[in-house]
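Below are the chains, spelled out letter by letter.
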Amino acid sequence: MTKEKLKKNRILLVRKKLFFGYLALHLNLVEKPEVGTAAVDFKGNMYYNPEFINKISDEELQFTIAHEVMHLALGHDFREGNRNAVVVTPSGKPVKLWNIAADLVINTILADAGFKVPQNVLAHSEEERNQVRGKTTEQVYDELLKKMKQNKQVIQVMATKLTDNHEFSNKMKGSGKGQSKGMGKSISASELRKWQQKWKSKVAEAATRAKQQGQLPAGIERIVDMILGPSKLNWKQQLLKFIQEFIPHDYTYLKPSKQSLTTGIYLPVSYTHLRAHE
């Protein structure tokens, strides 16, 4: 029943917000009560606590799914590097500053794309979003690091508002340097790079499909360009190629248009139409 709720809301995302929904279709849903809420690893496994999933509304679940796929789209596992500053919550739980920065950036992107940010999570207020909008996760991390030295309590409170379980994701990844340990398995840096490239390709595909349907949210295009960076994955060229395949560019009388025969007037048919019926 819980997995069905997840699948249903994933389909709703495809219909309502195609960019995020297309990426969500590549998630492998894995029940893991110990994650508490939800988590995602670099391979696209989305771990979830069924109790948490059943408790939240469909709107909140769609936000959660989109939040997880944006960790993959933005490559947070691959970009963290040596940013290992930690803050301890009032309850004594250690939280990586990088994870706070990542959630701030993602939730701001989702809010700007039309998602309703749940209460008690980062970037719920417009004031918070204004402070990070347009910035990279690295820039937000550096700003949080300065704030932590000035007023540690503010950052401690922020650490209690993470959307998902980052520590579980970190266990899956390991350190990412040379041979790292993730859940007891060795993960090489080359394997991490392979998965990073895979998700970049998925982002390009998602942007192309959303653009085709006129569903690419304002601001996402710039973010997609930032994600793909200097790579050769030009999603705009992919879109142009797709459009050109369906736009008639020449006509022939060798096979008249069947639609014109009843009028007694012979009209040409497009080569595009001929290819579609070959």
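In this text the structure is predicted, and so the values were computed from the model without any measurement.

*Asks:* Just checking my understanding: could you explain the sheet that holds strand β2 (residues 38-40) for this structure?
*Replies:* Strand order in the open sheet made by the three strands is β1-β3-β2, with mixed pairing throughout. Each having just a single partner strand, β1 (28-31) and β2 make up the two edges of the open sheet. Between one strand axis and the next, the sheet turns by 25 degrees as a mean value, whatever way the strands run. Across the face of the sheet, helix α4 (residues 58-73) comes into contact with β2 and β3 (45-48) while running at roughly 25 degrees to β2.

*Asks:* I keep staring at the pattern of salt bridges and nothing clicks. Help me out?
*Replies:* Opposite charge on two side chains permits pairing when their charged atoms draw close. A full pass over the atoms with the stated rule returns 11 salt bridges. Residue D58 is joined to K8 by a salt bridge in which the shortest nitrogen-to-oxygen separation is 2.9 Å. A residue pair is termed long-range when its members are at least 10 positions apart, and D58 in helix α4 and K8 in helix α1 (residues 2-16) qualify at 50 residues. For D58, a relative accessible area of 29% translates into the label partly exposed. With a closest N to O distance of 3.8 Å, E205 and K202 form a salt bridge. Pair noted here: E205 and K202 are both in helix α11 (residues 189-212), with a separation of three residues, about one helical turn. Take E205: its relative accessible area is 27%, and that puts it in the partly exposed class. Salt bridges sharing common partners tie together D112, E126, R129 and R133.

Each value, and the rule that gives it
Residues numbered from 1 in each chain as written. Predicted model: local features only at pLDDT ≥ 70, side-chain atom pairs only at ≥ 80, totals over all residues. Heavy atoms only, no water. Pairing = 2+ DSSP bridges. Helix = DSSP H or I, 4+ residues; strand = E, 2+ residues; numbered from the N terminus. Axes fitted to C-alpha atoms, helices over the stretch in contact; angles between N-to-C directions. Contact = heavy atoms within 4.5 Å. Salt bridge = Lys/Arg side-chain N within 4 Å of Asp/Glu carboxyl O. Buried < 20%, exposed > 50% of the residue type's maximum accessible area, 1.4 Å probe, protein only.

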